[in-house]
Amino acid sequence: MTAKDYRVSDLAVARGGLVVLEGVGFTLRPGHALVLRGPNGVGKTTLLRTLAGLQPPVAGDIGLPPEAIAYAAHADGLKATLSVAENLAFWAAIYGTDRVETALDRMNLRELRDRSAASLSAGQKRRLGLARLLVSGRPVWMLDEPTVSLDAASVALFADVVRGHLAEGGAALMATHIDLGLTEAGVLDLTPFKARGQAAGTASDFDEAFA
Amino acid sequence: MIALLLRDLRLAVRAGGGFGLGLAFFLLVAVLVPLGVGPEGGTLAKIAPGILWVGALLACLLSLDRIFALDFEDGSLDLLATAPIPLEGAVAMKSAAHWLVTGLPLTLAAPVLGVLLHLPGEGYFWLVASLALGTPALSVIGTFGAALTVGLKRGGLLLSLLVLPLYVPTLIFGAEVVKRGAAGMAVEVPLLLLAGITLGAAAVLPFASALALRINLR
Amino acid sequence: MSLWEYANPKKFMQTATRVLPVVSVLAAICMVGGLVWGFFFTPDDYKQGATVKIIFIHVPAAMMAINVWGMMLVTSLVWIVRRHHVSALAARAAAPLGMTFTLIALVTGALWGQPMWGTWWEWDPRLTSFLILFLFYLGYVALWQAVENPDTAADLTSVLCIVGSVFAALSRYAVKFWNQGLHQDSTIMKVGEKDPLDPAYYWPLIVCIAGFILTFVALVLLRTVTEIRARRLAVLTARERLA
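Owing to the predicted nature of the structure, the values given are computational and were not obtained by experimental measurement. (Residues numbered from 1 in each chain as written. Chains lettered and ligands numbered in written order. Predicted model: local features only at pLDDT ≥ 70, side-chain atom pairs only at ≥ 80, totals over all residues. Heavy atoms only, no water.)

Visitor: Tell me what's going on with the overall build of chain C, and back it up with residues and numbers.
Guide: On a plain count of helices and strands, chain C comes out with 6 helices and 0 strands. Each helix and strand of chain C, placed in order from N terminus to C terminus, yields the pattern α-α-α-α-α-α. Pairs at least 24 residues apart make up 77% of the contacts formed inside chain C by residues separated by at least 6 positions. Of the roughly 12,000 Å² that chain C leaves accessible, carbon and sulfur atoms contribute 68%. (Helix = DSSP H or I, 4+ residues; strand = E, 2+ residues; numbered from the N terminus. Contact = heavy atoms within 4.5 Å. Areas by Shrake-Rupley, 256 points an atom, 1.4 Å probe, with all protein chains shown as cover.)

Visitor: Help me get a handle on the sheet that holds strand E5 (residues 69-72) of chain A, residues and values and all.
Guide: Residues and elements named next belong to chain A. Strands sit in the order E5-E6-E7-E3-E8 across an open sheet of 5 strands; the sheet is parallel. The outermost strands of the open sheet, each flanked by one partner alone, are E5 and strand E8 (185-189). The sheet shows a mean angle of 15 degrees between the axes of neighbouring strands, taken without regard to direction. The pairing of E5 with strand E6 (residues 140-144) spans 4 bridges and is classified as parallel. Each bridged residue has a counterpart across the sheet, and for Tyr-71 the counterpart in E6 is Met-142. With respect to the sheet, helix H1 (residues 44-51) is in contact with strand E3 (33-37), E5, E6 and strand E7 (171-175), its orientation differing from that of E6 by roughly 150 degrees. Relative to E5, helix H4 (residues 122-136) is tilted by about 175 degrees, and along the sheet it contacts E5 and E6. (Pairing = 2+ DSSP bridges. Axes fitted to C-alpha atoms, helices over the stretch in contact; angles between N-to-C directions.)

Visitor: Outline the UniProt feature "transmembrane region" (unreviewed entry) in chain C, listing residues and values.
Guide: What UniProt calls "transmembrane region" (unreviewed entry) maps, in this numbering, to residues 20-42, 54-81, 93-113, 125-144, 156-175 and 201-222 of chain C. Each end of residues 201-222 of chain C is marked by a C-alpha atom, and these two atoms are 31 Å apart; helix forms 100% of the span and strand 0%. (UniProt positions renumbered as here; feature names shortened; annotations may be inferred.)

Visitor: Can you lay out the packing of aromatic side chains for me, pointing to particular residues and giving the numbers?
Guide: For the structure shown, the criterion picks out 14 aromatic pairs over all chains. Ring centres of Phe-101 of chain C and Phe-212 of chain C lie 5.8 Å apart, and the angle between their planes is 45 degrees; on these two criteria the pair is classed as tilted. Taken together, the residues Phe-101 of chain C in helix H3 (residues 85-117) and Phe-212 of chain C in helix H6 (residues 199-242) connect sequence positions 111 residues apart. Every member of this aromatic cluster is reached through a ring pair, and the members are Trp-69, Phe-136, Tyr-137 and Tyr-140 of chain C. Positioned above the aromatic ring of Trp-91 of chain A is the side chain of Arg-132 of chain A, whose terminal nitrogen or guanidinium carbon lies 5.6 Å from the ring centre. Sitting over the face of the ring of Trp-79 of chain C, Arg-83 of chain C holds its NZ or CZ atom 4.3 Å from the ring centroid. (Phe/Tyr/Trp six-rings, centres within 6.5 Å; stacked < 30°, edge-to-face > 60°. Lys NZ or Arg CZ within 6 Å of the ring centre and 35° of its normal.)

Visitor: Give me the lowdown on the sheet that holds strand E2 (residues 18-28) of chain A, citing residues and values where you can.
Guide: Residues and elements named next belong to chain A. Taken in spatial order, the 3 strands line up as E2-E1-E4 in an open sheet, and their pairing is antiparallel. Looking at which strands have only one partner, the edges of the open sheet turn out to be E2 and strand E4 (59-62). The sheet shows a mean angle of 25 degrees between the axes of neighbouring strands, taken without regard to direction. Judged from the 7 bridges that link them, strand E1 (residues 6-15) and E2 form a sheet pairing that is antiparallel. In the sheet register, Leu-11 faces E2, and the bridge partner there is Val-24.

Visitor: Talk me through unusual backbone geometry; I want residue IDs and the actual numbers.
Guide: Although it is not a glycine, Asp-10 of chain A adopts a positive phi angle of roughly 55 degrees. Within the secondary structure, Asp-10 of chain A sits in strand E1. Among the residues examined, Asp-10 of chain A registers a relative accessible area of 54% and is labelled exposed. With a phi angle near 55 degrees, His-118 of chain B is a residue other than glycine that sits in the positive phi range. (Buried < 20%, exposed > 50% of the residue type's maximum accessible area, 1.4 Å probe, protein only.)

Visitor: Could you give me a rundown of the pattern of salt bridges, with the residues and numbers involved?
Guide: On inspection of all chains with the given rule, the structure shows 22 salt bridges over all chains. Across the pair Glu-86 of chain A and Arg-10 of chain B runs a salt bridge, and its minimum N-O distance is 3.4 Å. In this pair, Glu-86 of chain A sits in helix H2 (residues 84-95) while Arg-10 of chain B sits in helix H1 (residues 2-15), so the two residues belong to two different chains. A single salt-bridge network, built from bridges that share partners, covers Lys-79 of chain A together with Arg-7, Asp-8, Asp-71, Asp-74 and Lys-94 of chain B. (Salt bridge = Lys/Arg side-chain N within 4 Å of Asp/Glu carboxyl O.)

Visitor: Outline the interface of chain B and chain C, listing residues and values.
Guide: Taken residue by residue, the interface counts 28 residues in chain B and 27 residues in chain C. When the two sides are added together, the surface that chain B and chain C hide from each other amounts to roughly 2,300 Å², 82% of it contributed by carbon and sulfur. Inspection of the region where chain B meets chain C yields 1 salt bridge. Residue Arg-218 of chain B pairs with Asp-155 of chain C through a salt bridge whose shortest N-O separation is 2.7 Å. Elements with a contribution of two residues or more to the side of chain B that touches chain C: helix H7 (123-149), helix H8 (155-166), helix H9 (168-182) and helix H10 (188-217) of chain B. Looking at the side of chain B that touches chain C element by element, the count peaks at 10 residues for H10 of chain B. When grouped by side-chain class, the residues that make up the side of chain B that touches chain C number 22 nonpolar, 1 polar and 5 charged. (Buried area = accessible area lost by both parts, 1.4 Å probe. Nonpolar A, V, L, I, M, F, W, Y, C, P; charged D, E, K, R; others polar.)

Visitor: Please provide a residue-by-residue account of the packing of helix H6 (residues 87-116) of chain B against H7 of chain B, values included.
Guide: All names here are of chain B. Two elements in contact, H6 and H7, have axes separated by 8 Å at closest approach and are oriented at 150 degrees. Relative to H7, H6 is oriented roughly antiparallel. H6 and H7 meet at a crossing whose hand is right-handed. Note on element contacts: H7 touches H6 through Tyr-124, Leu-127, Val-128, Leu-131, Ala-132, Thr-135, Pro-136, Ser-139, Val-140 and Thr-143, opposite Val-91, Ser-95, His-98, Trp-99, Thr-102, Gly-103, Leu-106, Thr-107, Ala-110, Pro-111, Gly-114 and Val-115. Its residues assigned to classes, the contact of H6 with H7 shows 13 nonpolar, 9 polar and no charged. (Parallel < 35°, antiparallel > 145°, perpendicular 65-115°, else oblique. Left-handed = near helix turned anticlockwise from the far one by under 90°.)

Visitor: Tell me about the confidence of the model for chain C, residues and numbers included.
Guide: Considering every residue of chain C, the mean pLDDT works out to 85; 90% of them sit at 70 or more. Counted against residues more than four places away or in other chains, residues 189-194 of chain C, with its pLDDT under 50, gives 4 contacts. (pLDDT = per-residue confidence, 0-100.)

Visitor: Please give an account of helix H2 (residues 55-82) of chain C that cites residues and values.
Guide: Its 28 residues place the ends of H2 of chain C 39 Å apart at the C-alpha level, agreeing with the 40 Å of an ideal helix rising 1.5 Å per residue. Positive phi appears at Arg-83 of chain C, one or two residues downstream of H2 of chain C, with a value of about 55 degrees. (Expected span 1.5 Å × (residues − 1).)

Visitor: Give me the environment of Phe-41 of chain C: which residues, what numbers.
Guide: All names here are of chain C. Looking at the secondary structure, you find Phe-41 in the loop between helix H1 (9-40) and H2. Note on Phe-41: relative accessible area 61%, which makes it exposed. Each C-alpha atom, one on Phe-41 and one on Arg-126, is 29 Å from the other, the two residues being 85 residues apart in sequence.

In structure tokens, the structure reads:
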């Protein structure tokens, strides 16, 4: 894994054609985690999706290559008719890694290995979804509310996994309200970057005429 | 990328209904048409090529919205778009999987339905040949329509409205091959044109579909 | 002074609102003048009688049906390449107009075909192509209406328009292949050749065509201005909600 810092500066992101955040800047160092804070609707998900390369930024520099990012959203992308191992094996093939067994052990999913994903509880599904991050082998994790529907024990397990990832030189950027007890984690409050809601035109003249 | 193809095939097999439904629909069309048109063999033989092609086309249309809808709902589409495989390739694999579970079974079942519709003996070979050549185009074009409408409410109906006009050239050349083949005429020209459409669509449309998908995922 | 200046919505609004009255008046003059001239001051055809006069609506509408799609293709490409919002909104404004022209061409064609060929509808390549063109318009307009985010809608419809154009051209070729025609070839450009359009019809027809073009331009300008205002309103209300 690279030991380079990931620097994001002056980033503006839009949702539904309106700029929601502007001037966002931070540095993410390997071995560190950054927790995004801010009220609902401030644009945490939009920011993460933009960084992951799913939508273009309105302005700014993203010194974070999309190839380095493993993105995990609210939906886990699990196929109910496939078994736990099959779900992971698919993503391992897509990412070109062979870390299925490691991921099963780390996320404590070994005894569920051959169960179909449909029969898992919500928390188990979530753990399987997060196991995909381990399978991906990518250094920067982008996590959108990763601990939703996890019980206390699973949250602790997940925090351990994140810690292990950081110890290996990985980095994590997450939007969450729960304190994971990660001492290495910095906090970035997004409230100061809230934009005034101008239209997100790419042409410079757009705002002048449209709003 | 092969992993994606295999996963889609496995999902289709485990979900059961998916492609069985298309085949059942195809069968229903072949049964309902004689009931509506009347049982005279001569009339049926005359319209059989067209009916079989239209039936196959509609059966293909039925399952189009499933190409991306399920992956969109469970979030896999977002994950695929951020994965190291090119989205164009993923789209092409999705088309291929769709063809293998709909187009191919339809092609294989068509001769049986041809019997129901009194298709003349010379037509069977060309029926299978034209469907084998033409249904991949239906899947590829349909994937484009599905990419345009993924995530839309009432997307299914809109999908049909967008895709059916795009199916016109494929349908015309495909049915023409069977018509001429059944009448013992030369089929080279429409057959080549049909192949041309399939190859052209398969070469270019995955790029348009991937573009549409990226727009829809924003 | 570059054409791209009008890609600025503000500049476009200024110019459009100034030009609009002039174009509208010209359109009305040409339309009324051409149709009155054509309907009442041209001789009846020796074979077709007064039926021939439907040409003054049928031919311009058919021309516009195709040319409007061409314009939408150009504006779609401009939007995809240069991201000018006016371009996308103009395409959106033009589509229902093109659809209406197609419908007019089909209906007047049917009215003309009945006495001439003895049938309201014939699966002739030209007629069939227009019917297919109508379906393309239908899908395009439906896609615009189904997508909520205006920029997403503009992107998706542009892709559809470009891909659709290729398939529309293919369909035209396929339909020609599928059935040889009953419909005569276009005669408007054949002055001086054999079987020409009677000169008595030529000039009123030209005026009618000008009338259709000007009417289209006026309506597109008006609709684009409306779209820009609607867009502006949406942005303002959204900002109100955010603040």
